[in-house]
Amino acid sequence: MVDVFTQFKVRYYDSPTAGRLALVTMDNGADHTKPSTFGEQALRSLAAALEEIEGQDVKGLLLTGKPFIFAVGADLDQSKGADEEFARAAAQGGHAAFRRLAALPVPTLAAINGAAMGGGLEIALHCDYRTVSSVAAPIAFPEVFLNILPAWGGTQLTPRLIGVEKALQVIVHNAMNNNVTLHASDAVALGLADRLVDGVEFLDKSVELLERIVTGAETIGRAAPDNDNVDEVVAKARQFADDKVHGATRAPYLAIDLIEFAARGGDLDEGYAKEADALAQLLPSRQAQSAIYSFNLTQQRVRKQPWKPAVQARAINKVAVVGSGLMGAQLGALFLQQFEVPLVMKDIDDAVLARAKEHIDGELDKRVQRRRLAPGKAAFLKSLMTYTTEYEPLAGSDFVIEAVLERMNLKRAIFADVEKVVDEGAVLASNTSSLSLSQMASDLQHPQRVVGFHFFNPVAVLPFLEIVKAGQTDDVTLATAFEASKKLRKSGVLCADTPAFIVNRLLTRFNGAFIEALRHGNSFREIDAAAKELGLPMGPFELLGLVGIKVAFHTAQTLHQAYPDRFPIDETFARLAALDVPGIYDRATGEVYEEVSAILPPAGGEKLTPEQIRSAAVEATVDEAKIMLDEGVVADARDIDTGLLLGAGWPFFMGGICMYADETGLSEKLFGRRLIGDDDKAFSQ
Ligand SMILES: NC(=O)c1ccc[n+]([C@@H]2O[C@H](COP(=O)([O-])OP(=O)(O)OC[C@H]3O[C@@H](n4cnc5c(N)ncnc54)[C@H](O)[C@@H]3O)[C@@H](O)[C@H]2O)c1
């Protein structure tokens, strides 16, 4: 692979009104799928470009990017294994290069033509003015999401430009809310950019603006940043960080400190020095290194689909969903919007079908209201739908997914019925959470077309998909499943046909330790708090309210049948599942339901400490992960971590369970080696 690095290419334009202007383009020479980033070589290229421009009689400078991309910040690959010295030098290198741009004695304008993230946004902030193309997106500071912080001036310049509250919003809140990004119009509304310019005329209009600024024909006015409410908003931001990560990573707290320093009028040089100190502390940490690993797994590796067989997939021109309940309705909405092909929803109950229609129509209507979908397109999509209690309308389907009740006999009967109306190459997928696909397929005439396609609830939110290969599944079926997952914009990972697959198996083992703690007399709240100190957004008992106690117990039973030693059926859990309550805590009051408290066992022995609770849960999960790797449930430890990050919402800075165990020394202690090998077995299978 050729090493691509971003070059700062300088051209000159002799403006009839303004004189000579330097037009600088950041371009790594690759297409938009490889966005321009800044590493050491890029910063050297910037210095060389500025050296040249400083020697010319220029009246202004315009900085822009290659098509679709402005610049997306530091090159993360260079940050792998970074030590303190490297991190400090990286921060200082960026400071020096960007401040030289800021120090040019002529007006500078960043023309943000496309994606501007992290260091890309920071270089724009070092220009005097900013235009943004109406089609430029995403715009964001994702650093805190990656457990570092904007350390090329971002924490110091942003509050000076837009005030403390908005700076905290874009640097801390957005990053920690699963990396919310801004559209061009948001950037202007926040004051990060001065002008929104229509995409088609963007560059010409930006040059014209620079000309007018240079000649004095136009001046850009900005409101003074509002930094009056520092105490209040900073306290709120610290509380927000506590709620999200419970102190498990330093990044958001340091980012807040630095923004506060700038907002209180701190000296700029001192602020830059503090940024370098903070990066030196954060970048080498376990949390940041794990986050870089997680970013690579979820943004790059999984998209390469290393598990997909190299055969032609079946084209999908018609889809059917059998079972239109909680999951089926969500699947219908997703398939319709991503595939835009005729789609049949089947159920045995007309009332269920009516609710599914309401849900699917509602999803489309919501997008129309938000102007993300044209009304005519929504009407077209609705016209592709058939709601039925019969099998005949399924004829001609290329991909049928069942989401009926979790019962083997029912699923077998349904696949047998579907097989009568579709052709022999049509794929039959099951959304089962725990049942054996091989068993489900065994009586079919063409069992090789059955594949597991396990989504997570809520389908629109959780991007993970377990693609389960049964004994008989053939390559075309598997390739079709992977193609479908890509089209649905889900992250599909291959998994063997074993009970509860990847995520639910690991979470059941993890939760077993928390349920065990109840027997020691620890309260639900204490246990949830102990778990959250790992950095999880929710405790195990809070999560039960979302997943459903009965659903979770059903998975526990399946795993108990398969592996009784490691998955004992806990009496308390069984009694909880028998209750008719929506969760452990009453959502309205936040208190534990009385019925739930009433079935707690008498406390035996001493209460466990938070540390004991956590380490029992982590050790059990690591043990299960190791067994899954030995059994070949997945090809590589990275597959397990991808599942926990995307299917269970574990934070990037934990890196899933294998990375966590490797980085904390637990793998070494338990198995005498790391779980993640240098060689990624998913690629070399
Ligand atoms: N609920 C979850 O969080 C979740 C998550 C992932 C996977 N799943 C799996 O998805 C599947 C469906 O779960 P759900 O929660 O949507 O259940 P649900 O009870 O909401 O829906 C099941 C639907 O199947 C219908 N049905 C029953 N027999 C049928 C038949 N012969 N033909 C057509 N429809 C029939 C029922 O009328 C019902 O509407 C299960 O296998 C479950 O394990 C559930």
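Residues numbered from 1 in each chain as written. Predicted model: local features only at pLDDT ≥ 70, side-chain atom pairs only at ≥ 80, totals over all residues. Heavy atoms only, no water.

A.B. asks: Tell me about the pattern of salt bridges, and name the residues and values.
C.D. replies: Inspection of every chain in the model, using the stated rule, returns 49 salt bridges. Across the salt bridge formed by Arg301 and Asp639, the nearest N and O atoms sit 2.7 Å from each other. One end of the pair, Arg301, is in helix α11 (residues 286-301); the other, Asp639, is in helix α25 (residues 637-647), with 338 residues separating them in the sequence. Both residues of the pair, Arg301 and Asp639, count as buried. Glu533 serves as the salt-bridge partner of Arg614, at 3.4 Å between the closest nitrogen and oxygen. Here Arg614, found in helix α24 (residues 610-631), pairs with Glu533, found in the loop between α19 (524-532) and α20 (540-547); they are 81 residues apart in sequence, far enough to count as distant. Under the relative-accessibility criterion, Arg614 is labelled buried at 13%. Ionic contacts of the salt-bridge type, sharing partners, join the residues Arg505, Arg509, Arg566, Asp623, Glu624 and Glu631 into one network. (Salt bridge = Lys/Arg side-chain N within 4 Å of Asp/Glu carboxyl O. Helix = DSSP H or I, 4+ residues; strand = E, 2+ residues; numbered from the N terminus. Buried < 20%, exposed > 50% of the residue type's maximum accessible area, 1.4 Å probe, protein only.)

A.B. asks: Lay out the packing of α11 against helix α26 (residues 656-663) with the relevant residues and their values.
C.D. replies: Where α11 meets α26, the closest approach of the two axes is 11 Å, and the angle between their N-to-C directions is 145°. Crossing angle aside, the handedness with which α11 passes α26 is right-handed. Of the residues in α26, those touching α11 at Arg286, Gln289, Ser290 and Tyr293 are Met659, Tyr660 and Glu663. Counted by class, the contact of α11 with α26 contains three nonpolar, two polar and two charged residues. (Axes fitted to C-alpha atoms, helices over the stretch in contact; angles between N-to-C directions. Left-handed = near helix turned anticlockwise from the far one by under 90°. Contact = heavy atoms within 4.5 Å. Nonpolar A, V, L, I, M, F, W, Y, C, P; charged D, E, K, R; others polar.)

A.B. asks: Tell me about the pairing of strand β2 (residues 19-27), residues and numbers included.
C.D. replies: With seven of nine residues buried, β2 lies mostly within the body of the structure. Pairing analysis gives nine bridges linking strand β1 (residues 7-15) to β2, with the strands arranged antiparallel. Residue pairing in the sheet places Phe8 in a bridge with Met26 of β2. Count of turn residues in the β1/β2 antiparallel hairpin: three residues. Taken together, the six bridges between β2 and strand β3 (residues 60-65) define a ladder with parallel strand orientation. Its bridge partner lying in β3, Leu23 is registered against Leu62. One crossover worth recording links β2 to the parallel β3 by way of helix α1 (residues 40-54), and it is right-handed. (Pairing = 2+ DSSP bridges. Right-handed = clockwise from strand over helix to strand, strands pointing away.)

A.B. asks: Residues and numbers for the pairing of strand β13 (residues 399-402), please.
C.D. replies: Here β13 shows no split at all, with Phe399 and Ile401 on one side and Val400 and Glu402 on the other all buried. Summarising the sheet, strand β10 (residues 319-322) and β13 pair through four bridges and their orientation is parallel. Directly across from Ala320, in β13, lies its bridge partner Val400. One ladder, built from four bridges, connects β13 with strand β14 (residues 427-430); its direction is parallel.

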